[in-house]
Amino acid sequence: MGQTSLLLERLGALIQQSVRDDAARHGLLPIHVQVLHYLTRANRYSDLPIAIAEYFGITRGTVSQTLAVLERKGLLTKESDSRHGKRLHLQLTPAGESVLRESWVERVEQALCGPAIEAAELESALSHLLSAMQRVNGQRAFGICRQCAHFLTEESGARCGLTHEPLATEQTIRICREWTEASSDCV
Ligand code: SF4
């Protein structure tokens, strides 16, 4: 057996520790920081409580409690969907964004800039591994929009082939709960 599983376990443990440290600095729990980070990456079909439950594999009750804390602390707001009345989109406030500054994500990005690391190759290998494990676990893939089988490029711009709605450019680089594999890339 190779060392890949051991390396992934060590990396996972280090990242979990970093998330705990980040959260403690702001008087939060790790799941609070993780949800804030998720929302900075989620598209408009995925910045919803149900998508958070799916992404983290947690109950809707836990999501409700988490969102209540974040809202009470002024770190996120809820906004009604203009077309789907009951749907609430979640957005970070400036205070929520400041929690994520100098977070574990930045430290990982700095480490990836090291001379011995081929970041693109590593990303591709990890994407394939994650995709395979999500299939085994029966979880949604949450891939990047422009890599989705439903993603359409038209003269007027990008469009979602599933919902038939136009996609703003900034939405096309975000992750989506409706993502369907076209290539095998996912996050
Ligand atoms: S194209 Fe795919 S990933 Fe993008 S919004 Fe539509 S379903 Fe989601």
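Okay, so let's go over this structure. It should be emphasised that the depicted structure is a prediction, and the values quoted were computed from it without experimental measurement. (Residues numbered from 1 in each chain as written. Predicted model: local features only at pLDDT ≥ 70, side-chain atom pairs only at ≥ 80, totals over all residues.)

With that out of the way, let us pick up the site of the ligand. Asn 43, Tyr 45, Cys 145, Cys 148, His 150, Phe 151, Cys 160, Leu 162, Cys 176, Glu 178 and Trp 179 make up every residue found near the ligand. A breakdown of the residues in the shell around the ligand according to their chemical character gives eight nonpolar, two polar and one charged. (Near = placed C-beta within 6 Å. Nonpolar A, V, L, I, M, F, W, Y, C, P; charged D, E, K, R; others polar.)

If you check helix 1 (residues 4-25), its first and last C-alpha atoms are 32 Å apart, about what 22 residues at 1.5 Å a residue would give, namely 32 Å. One or two residues past the end of helix 1 sits Gly 27, with phi positive at roughly 70 degrees. (Helix = DSSP H or I, 4+ residues; strand = E, 2+ residues; numbered from the N terminus. Expected span 1.5 Å × (residues − 1).)

Ranked by internal contacts, the top residues of the largest apolar core, which has 30 residues, are Leu 36, Leu 39, Leu 75, Leu 76, Phe 142, Cys 145 and Cys 176. Of all the secondary structure elements, the ones that give two or more residues to this core are helix 2 (30-41), helix 3 (49-56), helix 4 (60-72), strand 2 (88-92) and strand 7 (175-176). With four residues, the top contributor of residues to this core is helix 2. In this structure Leu 75 touches Leu 36, Leu 70, Leu 92, Thr 93, Ala 95, Gly 96 and Val 99, once residues within four positions along its chain are discounted. (Core = buried A, V, L, I, M, F, W, Y, C linked by C-beta atoms within 7 Å. Buried ≥ 20, exposed ≤ 12 C-beta atoms within 10 Å, placed from the backbone. Contact = placed C-beta atoms within 7 Å.)

Backbone geometry places Glu 102, a non-glycine residue, at a positive phi of 55 degrees. Looking at the element boundaries, Glu 102 is found in the loop between helix 5 (94-99) and helix 6 (104-112). Take Glu 102: there are 11 C-beta atoms within 10 Å of it, and that puts it in the exposed class. Backbone geometry at His 164 places phi at a positive 65 degrees, although glycine is not the residue there. When the 9 C-beta atoms within 10 Å are taken as the criterion, His 164 is described as exposed.

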